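Notes for the structure review
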Amino acid sequence: MNYYKLAFFIVFFSLILNCKDFNKANKQTLEILKEKGDKVSNYTTLSMEFKGPDSLPSGWNTIKYENQSNETHFLVFEKYPEGITIDSTKAHVFPVFDKGMDLINEGKAEEGFAAFNNLPTWFFNVEFTGGTGLVSPKHEAISTIKLDSGRYLIECYIKMKNGKFHSVMGMYKEIIVTDSASEIEEPKATIEVDISGDNGIVFNPDFGTGEHIFKVNFIDQKLHENFVGHDINLVKLSNNPDLEELEAWMNWSSPKGFIDPAPNNITFLGGIQEMAAGKHGYFKVNLKPGKYALISEVPAAKSKKMFKVFEVIDK
C-alpha cells in the first residue's frame, strides 16, 4: 500500500476565551475586504453543519468561516476524483471510518488502522487544497486559497466527547467549483511563512500589532506518524496555558487528541489546512498585543520545529 496516499486519505475524515476583541477585529477585516471589492464566500456553523454557498468560481477564493457553535471546528477543502459524489462517501467511507475510529479510541490502534484497508481505492486520489485552520467557539477566520474546477467536500474532523469525528456525525458539505473564473486577485502578504518536513515552520516573528496577511508556503508535504500531512494553525495564548497539553491535543491519534473540549487558555484563530508540496495559501487576522503560536497538526510538533511561540507588541 502507498502509505503517503493513505496519509492524505486518513486526513479526509480525520485520521479524516470568548475574545470579543478578536471577533470585532475579524469583522473589521471583512469590511475592509468588501471595501476593496473582493468577493467573500461566507460559511457558518451553528452546531454541527456548514451553511454557505453550494458552488464557488475557480481560481482564488476568499473564505470567511464563522464558528457560532460551542465547539472548536475548522473547514478543509478536499477535491474529489471524477465521478465521485457525497453519496459515494456515505455508502463506502463513513461506515469504515466509524469502525476504525472506534477501535483506535478503544486503544486498539493496530486494528483500527487495519480497518482502513477497506476504504475504496478512489480515496487515494483525493486532493487536499487548504481551508481555514482551527477556529475556537464564537470566533471567525478568513483564508484565501486557489481552487481548480471540480467537485469538493468541505468537512471538520474534530472529535466529539464520545470520540466520534464531527464529519461522521454530519459536519460536511459538497461544493461544486465551476469553470467560471473568480474575480479575486492573489493577496499581498505582510508575513511569509514556510513549512516543511525538514525545517519545520520558518518565519520572521518581528512584526507588530494590526491587520496582517500571512502567506503560507508548503515547501514539501510528508507523512507523519499519525498519517497526517502538516498544516498551519494560529493560536492566541492567554494566562500561561499548558503548552505540552496543547501539543499533545494536536495529535488526533491519541484518544485525548483533537477531542472536545480544546485545552484551556488557548484561542484558535484560523490558518491554512494542508496542501500539496509547492502550493501556497493565505490567511488574514488582526493581531492584538500578546503571546501567540503557530502549530501544526502533527505528533511531537515542537521537536519537529512545527510549534513556534512568539509575541506581538505595539510598534
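Residues numbered from 1 in each chain as written. Predicted model: local features only at pLDDT ≥ 70, side-chain atom pairs only at ≥ 80, totals over all residues. Heavy atoms only, no water.

Overview of the overall build of the chain
Our working rule: Per the convention used, a helix needs a DSSP run of H or I reaching at least four residues, while a strand needs a run of E reaching at least two, with both numbered from the N terminus. Any residue under 20% of the maximum accessible area for its type is buried, any over 50% is exposed, and the rest in between are partly exposed; the area is computed with a 1.4 Å probe on protein chains only.
Counting secondary structure elements, the chain contains 6 helices and 15 strands. Out of the 315 residues in the chain, the part that is buried amounts to 59%.

Details of the environment of G83
Inspection of the secondary structure assignment puts G83 in the loop between β3 (73-79) and α3 (86-92). For the pair formed by G83 and G150, sequence separation is 67 residues and the distance between their alpha carbons is 9.9 Å.

A look at helix α4 (residues 94-105)
The condition that has to hold: Given the number of residues in a helix, its expected span is that number minus one, multiplied by 1.5 Å.
Helix length check: α4, at 12 residues, gives a terminal C-alpha distance of 16 Å against a target of 16 Å (1.5 Å per residue), a fit within 8%. Every buried residue of α4 is listed here: F94, V96, F97, G100, M101, L103 and I104. G107, located one to two residues past α4, shows a positive phi value of around 90°.

Observations concerning the nonpolar core
We count it as follows: As used in this record, nonpolar core signifies buried Ala, Val, Leu, Ile, Met, Phe, Trp, Tyr and Cys residues forming a set joined through side-chain atoms within 4.5 Å. Here, two residues are considered to be in contact whenever any of their heavy atoms come within 4.5 Å of each other.
Of all hydrophobic cores here, the largest spans 81 residues; its most connected members are F77, L234, L246, W249, F258, F268 and L294. With 5 residues, α4 is the largest single contributor of residues to this core. Look past the residues within four positions of F258 in its chain and what remains in contact with it is F74, L134, Y157, I158, K159, W249, M250, N251, W252 and E297.

Some thoughts on the pairing of strand β8 (residues 191-196)
Let me state the cut-off plainly: Here the rule is simple: two strands pair whenever DSSP picks up at least two bridges between them.
Two strands pair when backbone bridges link them, and β8 and strand β10 (residues 210-218) are joined in this way by 5 bridges, in the parallel orientation. Looking at the pairing, I191 lines up with F214 of β10. Sheet topology places β8 next to strand β9 (residues 200-202); 3 bridges connect them, and they run antiparallel. What sits directly across from S196, in β9, is G200.

Remarks on the pattern of salt bridges
Spelled out, the test is: Definition used for salt bridges: Asp or Glu carboxyl oxygen within 4 Å of a side-chain nitrogen of Lys or Arg.
Scanning all chains against the criterion turns up 9 salt bridges. The shortest N-O distance in the salt bridge between K108 and E106 comes to 3.7 Å. With a relative accessible area of 37%, K108 lands in the partly exposed category. By relative accessible area, E106 is classed as exposed at 51%. D260 serves as the salt-bridge partner of K161, at 2.5 Å between the closest nitrogen and oxygen. Residue K161 is found in the loop between β6 (150-155) and β7 (172-181), and its partner D260 is found in the loop between α6 (243-249) and β12 (266-272); the two are separated by 99 residues along the sequence. Of the residues examined, D260 reaches a relative accessible area of 14% and is grouped as buried. Within this structure, D98, D102 and K164 form a network of salt bridges that share partners.

Examining the packing of aromatic side chains
For any pair of aromatic rings, the description consists of the separation of the ring centres together with the inter-plane angle of the planes. Threshold: Whether two aromatic rings pair depends on their centres lying within 6.5 Å, for rings of Phe, Tyr and Trp, where Trp uses its six-membered ring; planes under 30 degrees apart make the pair stacked, over 60 edge-to-face, and the rest tilted. Each ring is checked for a lysine NZ or an arginine CZ that lies within 6 Å of its centre and within 35 degrees of its normal; such an atom marks a charge sitting over the ring.
Tallying each qualifying case throughout the model produces 18 aromatic pairs. Taken together, the aromatic side chains of F203, F207, F214, F283, Y292 and F310 make up a single cluster linked through ring pairs. Positioned above the aromatic ring of Y292 is the side chain of K236, whose terminal nitrogen or guanidinium carbon lies 5.5 Å from the ring centre.

Remarks on the environment of S254
Of note, S254 is situated in the loop between α6 and β12. Spatially, the C-alpha atom of S254 lies 9.2 Å from that of P299, the residues being 45 residues apart in sequence.

Overview of the pairing of β7
Direction of pairing for strand β2 (residues 55-67) relative to β7: parallel, over a ladder of 3 bridges. Paired with L56 across the two strands is V177, which belongs to β7. Strand direction decides the pairing type here: β6 and β7, joined by 6 bridges, are antiparallel. Paired with E155 across the bridge in β7 is Y172.

Re the side chain of K215
The cut-off we apply is this: His is not counted here, nor are the chain ends, while Lys and Arg score as positive and Asp and Glu score as negative.
Looking at the secondary structure, you find K215 in strand β10. Comment: no salt bridge for buried K215; closest opposite-charge side chain is E192, at 4.1 Å. The contacts of K215, once residues within four sequence positions are left out, are A189, I191, E192, V193, H280, G281 and Y282.

Points about the confidence of the model for the chain
Using the following cut-off: One number per residue, pLDDT, summarises how confident the predictor is, and it ranges from 0 to 100.
Taken over all residues, the pLDDT of the chain has a mean of 88, while the share at 70 or more is 88%. Low pLDDT, under 50, characterises residues 1-37; the stretch is placed with 120 contacts to residues that sit more than four places away or in other chains.

What to know about the side chain of E247
Applicable threshold: The definition of a polar contact used here is a pair of N or O atoms within 3.5 Å, where within protein one atom must be able to donate a hydrogen and the other to accept one, and adjacent residues in sequence count solely through side-chain atom pairs.
Tracing the backbone through its elements, the reader meets E247 in helix α6. In this structure the side chain of E247 is engaged in a polar contact, spanning 3.1 Å, whose partner is the backbone nitrogen of A301. Apart from residues no more than four positions distant in its own chain, E247 is found in contact with I295, A300, A301, K302, S303 and F307.

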